[in-house]
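Read off the chains here:
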Amino acid sequence: MIEKETDMTEQEIQKLIDRAIVAREKTYSPYSHFGVGAALVCEDGSIYEGCNIENASFGLTNCAERTAIFKAVSEGHTKFKALAVVADTEGPCAPCGACRQVMGEFNIPIIIMGNLKGDIEVVSTEALLPFSFSSTDVIDK
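Residues numbered from 1 in each chain as written. Predicted model: local features only at pLDDT ≥ 70, side-chain atom pairs only at ≥ 80, totals over all residues. Heavy atoms only, no water.

> Account for the nonpolar core, with residues named and values stated.
Within the largest apolar cluster, 23 residues are counted, with the highest numbers of intra-cluster contacts made by Leu40, Ile69, Leu83, Met103, Ile108 and Ile111. Where this core is concerned, the elements lending two or more residues are strand S1 (36–42), helix H2 (64–74), strand S3 (80–87), helix H3 (97–105) and strand S4 (110–115). In this view, Ile69 contacts Leu40, Leu83, Val102, Met103, Phe106 and Ile108; residues no more than four positions away in its chain are not counted. Formed by 14 residues, the second largest nonpolar core is a distinct cluster that contains Ala39, Val41, Val86 and Ile112. (Core = buried A, V, L, I, M, F, W, Y, C linked by side-chain atoms within 4.5 Å. Buried < 20%, exposed > 50% of the residue type's maximum accessible area, 1.4 Å probe, protein only. Helix = DSSP H or I, 4+ residues; strand = E, 2+ residues; numbered from the N terminus. Contact = heavy atoms within 4.5 Å.)

> Account for the pairing of S1, naming residues and giving values.
Regular strands place their side chains on alternate faces of the sheet. Within S1, seven of the seven residues are buried, which leaves the element mostly enclosed by the surrounding structure. In the sheet, S1 pairs with S3 via seven bridges, with the strands oriented antiparallel. In the strand pairing of S3, Ala39 is matched with Ala84. The sheet contact formed by S1 and strand S2 (residues 47–51) spans five bridges and is antiparallel. Residue Ala38 lies in a different strand from S2, and its bridge partner there is Gly50. What sits between the antiparallel neighbours S1 and S2 is a turn of four residues, in which Gly45 has the positive phi angle 95 degrees. (Pairing = 2+ DSSP bridges.)

> Give me the lowdown on the pairing of S3, citing residues and values where you can.
For S3, the tally of buried residues reaches seven of eight residues, placing the bulk of the element in the interior. Where S3 meets S4, six bridges bridge the pair, whose relative direction is parallel. Bridged to Ala82 within S4 is Ile110. In this fold, the crossover linking S3 to S4 by way of H3 has right-handed handedness. (Right-handed = clockwise from strand over helix to strand, strands pointing away.)

> How would you sum up the sheet that holds S3? Please name residues and give values.
The strand order S2-S1-S3-S4-S5 describes an open sheet built from five strands, whose pairing is mixed. Looking along the sheet, the strands with just one partner apiece sit at the ends: S2 and strand S5 (120–123). For this sheet, the mean inter-axis angle between neighbouring strands, taken without regard to orientation, is 15 degrees. In this sheet, S5 lies alongside S4 in antiparallel orientation, the contact comprising four bridges. Paired with Met113 across the two strands is Glu121, which belongs to S5. (Axes fitted to C-alpha atoms, helices over the stretch in contact; angles between N-to-C directions.)

> I'd like a rundown of the pattern of salt bridges, residues and numbers included.
Inspection of every chain in the model, using the stated rule, returns three salt bridges. Among the ionic pairs, Arg19 bridges to Glu49, the shortest N-O distance being 2.6 Å. With Arg19 in helix H1 (residues 10–24) and Glu49 in strand S2, the pair connects residues that are 30 residues apart, well separated along the chain. For Arg19, a relative accessible area of 29% puts it in the partly exposed group. Residue Lys26 pairs with Glu49 through a salt bridge whose shortest N-O separation is 3.5 Å. On the criterion of sequence distance, the pair formed by Lys26 in the loop between H1 and S1 and Glu49 in strand S2 is long-range, its members being 23 residues apart. For Lys26, a relative accessible area of 55% corresponds to the exposed category. Beyond isolated ion pairs, a larger network of salt bridges with shared partners links Arg19, Lys26 and Glu49. (Salt bridge = Lys/Arg side-chain N within 4 Å of Asp/Glu carboxyl O.)

Written out as structure tokens, the structure is:
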């Protein structure tokens, strides 16, 4: 189901889902056994993949979505077209709250949620996290 109007073709959406599935294969999830993959396409068309990376100190775990975003930002990218996230879930995999906040920080307009069964849902970051905390909320004194 596509809720968000997008200029991406079904082929482009599927390509991003496929890249997220490949990224999921690199997951380090020995504690939850819940592998997640993400793929982020930048405005210039470059794609960065990420997987979840767990830690015995659970608070230090990093999600696939943030891994992909941080990889892209660390390479100088800050303008993005879309992000896909995939897991072995019953329905399309939704990002956690922390990932939603980071997606909002970088104004990623399109979020493609999928699973290994081929279910796909496309939404906006705003739909995932209305009233997000943003740069306008930070008071510079």
